[in-house]
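Summary of the model geometry
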Amino acid sequence: MSEFRIHHDVNELLSLLRVHGGDGAEVYIDLLQKNRTPYVTTTVSAHSAKDFLKKYDELKSKNTRNLDPLVYLLSKLTEDRETLQYLQQNAKERAELAASAAASSTSSFGAPAAASKISMQELEELRKQLGSVATGPTWQQSLELTRKLLRDKQNKKNSGQRLPVFPAWVYERPTLLGDFLTGSGTGADTAVPIGTLPLASQEAAVVEDLLYVLVGVDGRYITAQPLTGRQSRTFLVDPNLDLSIRELVSRILPVAASYSTVTRFIEEKSSFEYGQVNHALAAAMRTLLKEYLILVTQLEQLQRQGLLSLQKLWFYIQPAMRTVDILASLATSVDKGECVGGATLSLLHDRSFSCTGDSQAQELCLYLTTAASVPYFEILEKWIYRGIIDDPYSEFMVEERELRKEKIQEDYNDKYWEQRYTVVQRHIPSFLQKMAGKVLSTGKYLNVVRECGHDVTCPAAKEVIYTLKERAYVEQIEKAFGYASKVLLGFLMEEKELVAHLRSIKRYFLMGQGDFFVHFMDLTEEELKKPVDDITPTRLEALLELALRMSTANTDPFKDDLKIDLMPHDLITQLLRVLAIETKQEKAMVHADPTELTLSGLEAFSFDYVVKWPLSLIINRKALTRYQMLFRHVFYCKHVERQLCSVWISSKAAKQRSLHSAKWFAGAFTLRQRMLNFVQNIQYYMMFEVMEPTWHVLEKNLRAASNIDDVLGHHTSFLDSCLKDCMLTNPELLRVFSKLMSVCVMFTNCMQRFTQSMKLDSELGRLTLEHGTMQGPPTEAERAEERARKELARKCLAEHVDAPQLASSFEATINKFDKNFSAHLLDLLARLSVYSTSDCEHGMASVISRLDFNGFYTEQLERLSAERSQKAAPAVPGPRGPPAPAPRVAVPAQ
């Protein structure tokens, strides 16, 4: 039992018992790991634990796995008082629920009132009716109902494929069965009372009856009792029989009871509805039972010759008695456990091991296991050698589910690779338990290649034969796994060019193609400023195509797979929706409005990528969504950088003006430079300190990968690292960062509105002089007039700009922007400092060192912290010591 399995079982049990608080599951896990033993015995009172022991014996007979460790865990749980209190509370609540349910069902069926009494005669009649129902045809009806349910389930799974079934007359003719026909009463009336016969005649009559009973036929003085379920057969012996003979008869009758159990099992499990493994097991048991019937036939010949006494019968039946008893024990265990497929093989394998000291029993169990495993191993061979599942009766350890490959490109949380083929724990034979994961992966790899139109067969294919040496299975499965891994990995890497596709995605989603983005953002700048509802997607697609053709991206063979995607929500909402998947908040996030504000094209814009099967196993919707989040993050930073740069260009016009109060205008230039420094350093960190090094690690790992699961793991690890180091897995950091970006955008808008009037004035002057009038080029007089008008406009503009009220208003606006930007940046640095130290996110320290390279923000943080501590400190009279030092931002040395 693995450590992971122990953790899982303990936590599952505690959750079922509703045990919370206390020392938690770790205490029980430690106890289990220290006291692990395959056989655990506990001293309990048989009287007080009668029901528990009965249930334990029942589970033991069903070959339930990990039963003894579970009993030990329960014994430790009962020593915990808090756990016992929860158990008592649970029992009380369940008893109340059961009582209320019983009361409602009683009222619905119109049962008599509790005060009414039933007479003894009515009670006896009711007992007879129940007995007749139990011994009547109900048992056969239940078997028929079970077969019908199994048939319907199998036909539903194998739609379009007709499965073989026995004709109805096989079940309608009870004389075809090898078991007793109860209730016929044949021969009972003509029998001579055995008590009137001498002892020798009694022995001869009893020997004759026993030979009949041993083959499933009632005798005159020994008859089989009707069955009331899956219990063992009992017999009624004439009470007038001599006591010494009756004693010997009671020793032989268990053989007949075991024969009856085995016969019923063979007849039942021979039906195709119970699966091929049980069918093969029943056929093997039938073969072994033939030797027993041959022995009984030989004894009948001796009896006709008068050479068979009761003592000799007891002697001759000894070898067969052991065989039939083992067969009956196995049949009973399979029935009780309702074993099918791999569960049946597990039971037979474990029984073979338990019979290590008994060579006859072990040889018998090995024969049965080998025979029963043949159909199972045929399914296994098709799966690990060809990637085909041929399991019409749901017996194999791997289960196939009907899922669409296309869905892997639609749903973020679609688990096609994990859910298309899954392992069914109860159908894993115990001797293949360790290799179950590789068995699953081997067939999955080959199946992917087959679905792409390639017929694959493992060259090392070899027949799998049951043996007690598990090493034989390990070697064969390892060879098949190695071949399947090599085939699929080569198929994806070479024929489907997986690495080339990943590089193409990196060029666009991680902005590795610089000239393409310059062209694209220049072309789409005006379009993306519009609200998202006013944008024409086809126009964006055309501009994207133009940018791809005009840049070096034109050499990319996969450029046509790049598409435009306008998201219905912003980046933070998208992140929260992803984080809410498979949580209690998922339904609320899904049904919530996309956004309360109207998104601009820049906020909603993202790329999408068309990926075909089987590359969609690696580049699935889950991976593409992560790429989109990274792209939107970096793309918006790039947009803010362009806006700040455009403010710098437009501010050059303001410098040409002869403004008298240029001090307050210089503050805007300083703030703009601080913002630009912040945005550029964040971009540099994300692209050159996070994405690029992590990408090189991914390429190195892909070259060393040995199977497709390694490729999936490396790719997922790459995206997770990028998202985490780019602050996209922490909603708090992302919110603060988004506020900083919003402040930068609002500042650029404000500055552009301020400089727009000056731009318009100069543009109008330039256009007027260039175009002149309708009568020709401007004359000297017109040029002089134009210069005078332009000078007058410049003076008016300068006076308007230098107005005291406008200057004070503009200065207050810039100061407000400065204050907000500094506050949010200090908040971000403080949070980054906490995460870099407490959560060991050392990559965050690089951001702090870049943004606070000269300690400017550290001093502000210290001053702010000192002010807060002074405000929070209580006013204590008397002398006070120096204030406590403020926490510093963890900034590494340059």
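Above this text is the structure in question.
Presented here is an overview of the structure given in this document. All values derive from a computational prediction rather than experimental measurement.

**Brief notes about the nonpolar core**
Residues F516, F607 and F678 are the most contacted members of the largest nonpolar core, which totals 109 residues. With 15 residues, the single largest contributor to this core is helix α26 (residues 663-704). Beyond its immediate stretch of four places on either side in the chain, F607 contacts Y508, F509, F516, F517, F520, L544, L562, K563, I564, D565, Q628 and F631. Membership of the second largest hydrophobic core comes to 87 residues, among which are A331, A372, Y376 and I379.

**Digging into the state of the cysteines**
Disulfides are covalent bonds that connect the sulfur atoms of two cysteines. Inspection of every chain in the model, using the stated rule, returns 0 disulfides. C637 takes part in no disulfide bond, and the closest cysteine sulfur, belonging to C726, lies 9.2 Å away. By relative accessible area, which is 1% here, C637 ends up buried.

**Concerning the environment of D218**
By the secondary structure assignment, D218 is in the loop between α9 (199-213) and β1 (222-224). Distance in space between the C-alpha atoms of D218 and D179 is 9.7 Å, their sequence separation being 39 residues. Residue contacts for D218: discarding those within four places in its chain leaves F180, L181, Y212, T223 and A224. Within the local environment of D218, its side chain forms a polar contact with the backbone nitrogen of A224, the two atoms lying 2.9 Å apart.

**With respect to the packing of aromatic side chains**
In this structure the tally under the stated criterion is 30 aromatic pairs. By the ring-pair criterion, three or more aromatic residues cluster together here, those being Y508, F509, F516, F517, F520, F605, F607, Y627, F631 and F635.

**Re the environment of V439**
Within the secondary structure, V439 is located in helix α17 (residues 436-451). Accessibility expressed as a relative area gives 0% for V439, which makes it buried. C-alpha of V439 to C-alpha of I384: the two residues are 55 residues apart in sequence and 6.5 Å apart in space. Leave out the neighbours within four places in its chain, and V439 touches L380, W383, I384, F396, M397, V398 and I477.

**Quick word on unusual backbone geometry**
Following W613, the chain continues to P614 via a peptide bond in cis, the omega torsion being 5 degrees. Along the polypeptide, P614 turns up in the loop between β6 (605-609) and α25 (621-655). Positive phi outside glycine occurs at S394, with the angle close to 55 degrees. Residue classification places S394 among the partly exposed residues on the basis of a relative accessible area of 24%. One non-glycine residue, M511, adopts positive backbone phi at about 55 degrees. With respect to the helices and strands, M511 occurs in the loop between α19 (498-509) and α20 (514-528).

**Regarding the environment of F607**
Relative to the helices and strands, F607 is located in strand β6. For F607, a relative accessible area of 0% translates into the label buried.

**Section: the packing of helix α11 (residues 276-304) against helix α14 (residues 342-354)**
α14 packs onto α11 with a crossing angle of 45 degrees between their chain directions and a minimal axis gap of 8 Å. Classified by the angle their axes make, α11 and α14 are oblique. Within the contact between the two elements, α11 uses V277, N278 and L281 and α14 uses T344, L345 and L348. Within the contact of α11 with α14, the residues separate by chemical class into 4 nonpolar, 2 polar and no charged.

**Quick notes on the pattern of salt bridges**
Applying the stated criterion across every chain yields a total of 28 salt bridges. Note that R420 and E400 form a salt bridge whose closest N and O atoms lie 3.0 Å from each other. Of this pair, R420 sits in the loop between α16 (416-419) and β4 (421-423) while E400 sits in strand β3 (residues 398-400), and the two are 20 residues apart along the sequence. Residue class for R420 comes out buried when judged on its relative accessible area of 11%. Owing to a relative accessible area of 34%, E400 belongs among the partly exposed residues under this scheme.

Scoring rules and cut-offs
- All chains use their own residue numbering, which begins from 1 and follows the written sequence.
- Restriction of local features to residues with pLDDT of at least 70 applies here, the model being predicted, together with a cutoff of 80 or more for giving and counting side-chain atom pairs; totals for whole chains, interfaces and linings are based on all residues.
- Water and hydrogen atoms were dropped before computing side-chain values, which therefore reflect all heavy atoms in the structure.
- The criterion is simple. A nonpolar core is a set of buried Ala, Val, Leu, Ile, Met, Phe, Trp, Tyr and Cys residues joined through side-chain atoms within 4.5 Å.
- Only protein chains enter the accessibility calculation, which uses a 1.4 Å probe; a residue whose area is less than 20% of its type maximum is buried, one above 50% is exposed, and one in between is partly exposed.
- A run of H or I in DSSP becomes a helix once it reaches four residues, and a run of E becomes a strand once it reaches two; helices and strands are each numbered from the N terminus.
- The contact definition used throughout considers only heavy atoms, calling two residues in contact when any of these lie within 4.5 Å.
- The criterion for a disulfide is a pair of cysteine sulfur atoms lying within 2.5 Å.
- Whenever two N or O atoms come within 3.5 Å, that pair is a polar contact, provided that in protein one can donate a hydrogen and the other can accept it, and provided that, for residues adjacent in sequence, both atoms are side-chain atoms.
- Classification of ring pairs rests on two measures: the distance between centres of Phe, Tyr or Trp rings, Trp counted by its six-membered ring, which must be within 6.5 Å, and the angle between planes, read as stacked under 30 degrees, edge-to-face over 60 and tilted in between.
- Only the stretch in contact is used when a helix axis is fitted, and all axes are lines through C-alpha atoms; the angle between N-to-C directions ranges over 0 to 180 degrees.
- Oblique is the label for any angle not under 35 degrees, not over 145, and not in the 65 to 115 range, which are roughly parallel, roughly antiparallel and roughly perpendicular in turn.
- Think of it as three bins: nonpolar holds Ala, Val, Leu, Ile, Met, Phe, Trp, Tyr, Cys and Pro, charged holds Asp, Glu, Lys and Arg, and polar takes everything else, Gly as well.
- When a carboxyl oxygen of Asp or Glu is within 4 Å of a side-chain nitrogen of Lys or Arg, the pair counts as a salt bridge.

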